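Report on the structure
What follows is each chain in one-letter form.
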Amino acid sequence: MFDITLMITFGGRRALSHTPPKGTHSRIIGIHLHQNSRVAILNNSSCRTFYASPVSKASVDPAHAMNIISSEEFGLFRRFLDLNAKQRPGMTGPSIEKLSSTDPAEQFARPLRNILLALRLGDPRRLLIHLRSIFKISQPELQEALATLPRTTFTEILYQLDPHRICNEIDPTDGANISHGMFQILGMGSYVDYWGIRKIYVDILECLNYLVVALKATGQALHAEEHLCLIRCAGATSDPDAARWVWNDMRTSTMGFLRQTEIFSEYMSARFLTIPLYNSYDKSRRVLHPRDLHKNRTSFYFKNVWRLDRLRQNVRMKNMYFGLNKRENQAKDLRRKMRNMNIVARIYLFAITKGKTRQENLLYNSMIAFGRVGCLRYIGSFILRRNFGIHLGRLVFEERSFAPSDDITSVPAHLRPSHKLMRAIVDAYGSNGAIDVAYQLIDYISKKEKLKIPQSVWHDLLEWTYVLSSRPISTMWKIVMWDFKVPHPSAVELLFRAMVEDGVEPRFEAYVLLIKSILARNQLSRIFPFMPKLVEYYDDICERYDDAAIEYAHMVQDGVFIKEIMRRYERTRFLKAKIWHDIRWICHNFLSRVRSHRLDNPLTTITVPNFVHEFNKFVPNPIKYRTSTGYVELFDPAGEKQHQTAIVHHIPMKIPRADRAQTELIIQTKRAELLHNHSLLGHLPITKLGLYTFLKSTSRARIRRRPSPKVIR
């Protein structure tokens, strides 16, 4: 028998501080835990720190961390995590089944056998892990295995990897726009590639393509449901060419697809990237640029076209490969593949001839696709009026003023407007710079049909307004003198007030957009009423991250794999880093915009010091801002230091020139990897991080005190 002299409680769980003898059965350990710790758990069930530590959770501070956490507690935590350190989560453990010798799956190779086991468990994460090892099997061997595999099993594999089903389970960044700045500052190279596309969907498409090639080599054809899954995978990787290949293969090998309306809708969305997932939730990749209209819908003066090309080149050097077509050797925007109106009209008319126009999802995707090419007249006359009975007094608005004949009216129709129609209207008209028309339409539908405008529609309207009113989109429209496409600088604030008056609770992203629009107008003092709300969101996500991290530590200690715990930990880890990045960007932008022409200006003598004191967790260290006599630089020795650059990558980029010789301009863009406690770099085991680092930092990389910068060319 062994005594329990000290106990650790993490999120309501219990663990022995002394390692029991090797070979002790888990039931014996559970009995001793239950008998000897019942009173302690009842008295301290809400405690998340060591019982021996008298300091509460709220008093933990980086400057006094060594006074709070002793070396004995560090060793105790390390022994607690090293108990079953040899067991890898997801590979071994009590939650994993083993195939019997009589199981038919035993006849397949090991990678395929592991895939079948994960398929039985219904775990898409485990299925994807084992699917990556499918390349170890040669094509002849894989063809022989697929020939003996039941046909429904292959269909189930594709169904389990449908991006629309598993995006919330396998992608911790789902629903978030990862910009090129966030990609570098947070070190998100393990989440997205150089083109800003989620790597997990790229891996799924490559593995499924390897399986499909082997299946077709055996003489079997893909079903309509399998084509549908492949089209969605192609859309999730922002690859219209792959979606077109699947569509052509489906037309030549299967005739049953003509009876399925969903096929047309999914191909329309994957070919023109109308779903936010297919654009990596980045609205700047879906917005219509005036350069895309040149010699397509209209023509601009050649000097204005030259200025637009020059501006695109300068923006491209900062954005790296984000938004480019990865199938091109030159730096060509993927958005340019969507500008041809004839392709959209041809697919839509083909669906009309097959009698598919009454399918609502197809109409919504067609609206967004027509909006990406600038066909607002077609949307108003052939989709809204014929199918939903909404009649616009004027189809194209080229002025800011409205006449009485521009009112919106309605006539009887066979389809009733819904929330999905509101989202499609916001995306179609918002991408064209017609924010005022989009707001009028959704307000008219809300009042006529007595539908409340959902929070997601309000947020999309806010985001489109911010994208169109900020640079470089607003500069592009001003170059071609189409100022009516640029919203008023205060439009974001007006929409935010209208959303609050409508009874909708703003999300964190809505506050960030509002503060960014206020800073763009240099109204620095107006952001202070909204900043505490952002800090409340950050404190809330920190508490959720602590709970998820403790649960994850228990899972590792038990040597098992629980997908809910793993998903919760990865999701809260990403959200904590993202919210910190957004607030830090606002603080940095605020300090960079400070200007003063008098020594006694309250902005530099009172406002800025109070701002630094209140938001010291987010301001850069050292702090630098401008005064009337020069720059002031403040350094806090007890605070977190500025980002330390580890590696700088030089990325070559070929930009085509608009000349007769069709020459190329080769430039070198830079990509930096930064090391700090708020990044998402590294995959170190939690046993090597330490207690304080694991709980208070989202980074799992080994941060050196003085790293030597490296340059890779």
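Residues numbered from 1 in each chain as written. Predicted model: local features only at pLDDT ≥ 70, side-chain atom pairs only at ≥ 80, totals over all residues. Heavy atoms only, no water.

The next subject is the overall build of the chain. Each helix and strand in the chain was counted, giving 29 helices and 9 strands. Taken over 713 residues, the chain has a buried fraction of 51%. Partitioning the intrachain contacts of the chain with sequence separation of at least 6 by distance along the chain shows that 69% fall at a separation of at least 24. Element-wise, carbon and sulfur atoms account for 52% of the exposed surface of the chain, whose accessible area totals about 35,000 Å². (Helix = DSSP H or I, 4+ residues; strand = E, 2+ residues; numbered from the N terminus. Buried < 20%, exposed > 50% of the residue type's maximum accessible area, 1.4 Å probe, protein only. Contact = heavy atoms within 4.5 Å. Areas by Shrake-Rupley, 256 points an atom, 1.4 Å probe, with all protein chains shown as cover.)

This next bit is on the environment of Leu591. Within the fold, Leu591 resides in helix H27 (residues 563-592). Separated by 29 residues in sequence, Leu591 and Pro620 have C-alpha atoms that sit 9.6 Å apart. Setting aside its immediate chain neighbours within four residues, Leu591 contacts Val608, Pro620, Ile623, Lys624 and Tyr625.

Within the span of helix H8 (residues 151-160), buried status applies to Arg151, Thr153, Phe154, Ile157, Leu158 and Gln160. Residues of H8 that are buried in the fold lie against helix H5 (110-121), helix H6 (124-131), helix H7 (139-148), helix H9 (163-170), helix H11 (199-217) and helix H12 (224-236).

A few words on the environment of Pro506. Residue position: Pro506 is located in the loop between helix H24 (491-501) and helix H25 (508-520). A residue is classified by how much of its surface remains accessible, and Pro506, at 6% relative accessible area, is buried. With 47 residues separating them in the primary sequence, Pro506 and His459 have C-alpha atoms 8.3 Å apart. With sequence-adjacent residues up to four places away left out, Pro506 is seen in contact with Gln455, Phe496, Met499, Val500, Tyr511 and Tyr537.

Here we take up the packing of H6 against H9. For any two helices packed against each other, one specifies the crossing angle of their axes together with the interaxial distance. Interhelical geometry of H6 versus H9 gives an angle of 95° and a closest axis separation of 10 Å. Classified by the angle their axes make, H6 and H9 are roughly perpendicular. Residues Pro124, Arg125 and Leu128 of H6 form the contact with H9, whose own contacting residues are Ile166, Glu169 and Ile170. Across the contact of H6 with H9, the residue classes break down as 4 nonpolar, no polar and 2 charged. (Axes fitted to C-alpha atoms, helices over the stretch in contact; angles between N-to-C directions. Parallel < 35°, antiparallel > 145°, perpendicular 65-115°, else oblique. Nonpolar A, V, L, I, M, F, W, Y, C, P; charged D, E, K, R; others polar.)

Judged by nonpolar contacts, the single largest core of 170 residues is most densely connected at Leu384, Ile425, Tyr429 and Met531. With 11 residues, the single largest contributor to this core is H11. Counting residues in each nonpolar core, the second largest holds 18 residues, with Ile550, Val560, Ile686 and Phe694 among its members. (Core = buried A, V, L, I, M, F, W, Y, C linked by side-chain atoms within 4.5 Å.)

In this model H25 runs 19 Å from its N-terminal to its C-terminal C-alpha over 13 residues, within 8% of the 18 Å that 1.5 Å per residue would give. Within H25, 10 of the 13 residues are buried, leaving the element largely enclosed by the surrounding structure. (Expected span 1.5 Å × (residues − 1).)

This structure, assessed with the given rule, holds 38 salt bridges. Between Asp460 and Lys283 there is a salt bridge, with the nearest N and O atoms lying 3.4 Å from each other. Placement of Asp460 in helix H22 (residues 455-469) and of Lys283 in the loop between helix H14 (261-272) and helix H15 (290-293) is noted, with a sequence separation of 177 residues between them. The two residues Asp460 and Lys283 agree in class, both being buried. Residue Arg335 is joined to Asp333 by a salt bridge in which the shortest nitrogen-to-oxygen separation is 3.2 Å. Here Arg335 falls in the buried class, since its relative accessible area comes to 10%. On the basis of relative accessibility, which here comes to 13%, the residue Asp333 falls in the buried class. (Salt bridge = Lys/Arg side-chain N within 4 Å of Asp/Glu carboxyl O.)

Let's shift gears to the pairing of strand E6 (residues 631-634). Alignment of strand E5 (residues 623-626) against E6, held across 4 bridges, turns out to be antiparallel. Bridge pairing in E6 places Lys624 opposite Glu633. (Pairing = 2+ DSSP bridges.)

Going residue by residue along E5, you find Ile623 and Tyr625 tucked away on one face and Lys624 and Arg626 left uncovered on the opposite face. Counting the residues that bridge the hairpin from E5 to E6 gives 4 residues, and of these Gly630 lies at a positive phi of roughly 150°.

Orientation of H11 relative to H12, taken along the N-to-C sense of each, is 145°, at an axis distance of 9 Å. The element H11 and its partner H12 pack so that their crossing is left-handed. Contacts between H11 and H12 involve Tyr201, Ile204, Leu205, Leu208 and Val212 from the former and Leu230, Cys233, Ala234 and Ala236 from the latter. (Left-handed = near helix turned anticlockwise from the far one by under 90°.)

Tracing the sequence through the fold places Thr698 in the loop between helix H29 (691-696) and strand E9 (710-712). On the basis of relative accessible area, Thr698 is assigned to the buried category, the value being 2%. Looking at Thr698, its side chain comes within polar contact range of the main-chain oxygen of His678, at 3.2 Å. Those residues in contact with Thr698 that lie beyond four places of it in its chain are Tyr545, Arg573, Lys576, Ala577, Asn677, His678, Ser679 and Leu680. (Polar contact = N/O pair within 3.5 Å; in protein donor to acceptor, adjacent residues only side chain to side chain.)

What follows is about the packing of aromatic side chains. Across all of its chains, the model carries 28 aromatic pairs by this definition. Each ring, one from Trp247 and one from Phe264, has its centre 5.7 Å from the other, and the planes form 70°; the classification is edge-to-face. One end of the pair, Trp247, is in helix H13 (residues 240-253); the other, Phe264, is in helix H14, and 17 residues separate them in sequence. Of the residues examined, Trp247 reaches a relative accessible area of 6% and is grouped as buried. Here Phe300 and Trp482 contribute two aromatic rings whose centre-to-centre distance is 5.6 Å and whose plane-to-plane angle is 75°, an arrangement assigned as edge-to-face. Of this pair, Phe300 sits in the loop between H15 and helix H16 (302-319) while Trp482 sits in the loop between helix H23 (473-479) and H24, and the two are 182 residues apart along the sequence. For Phe300, a relative accessible area of 13% gives the class buried. (Phe/Tyr/Trp six-rings, centres within 6.5 Å; stacked < 30°, edge-to-face > 60°.)

Now for the confidence of the model for the chain. Across the chain, pLDDT averages 78, with 76% of residues at or above 70. Within the model, the stretch residues 80-97 combines pLDDT values under 50 with 35 contacts to residues more than four positions away or in other chains. (pLDDT = per-residue confidence, 0-100.)

What follows covers unusual backbone geometry. With an omega of 5°, the peptide bond running from Arg471 to Pro472 counts as cis. When you line up the elements, Pro472 lands in the loop between H22 and H23. The omega torsion across Asn621 and Pro622 is 10°, close enough to zero to call that bond cis. Looking at where Pro622 falls in the secondary structure, it is placed in the loop between helix H28 (602-614) and E5. Residues other than glycine seldom take positive phi values, yet Tyr281 does so here, at roughly 60°.

Now for the environment of Asp600. Structurally, Asp600 is set in the loop between H27 and H28. Given the relative accessible area of 54%, Asp600 is considered exposed. Each C-alpha atom of the pair Asp600 and Ser628 lies 9.5 Å from the other, and the pair is 28 residues apart in sequence. A polar atom in the side chain of Asp600 sits 2.8 Å from the side chain of Arg598.

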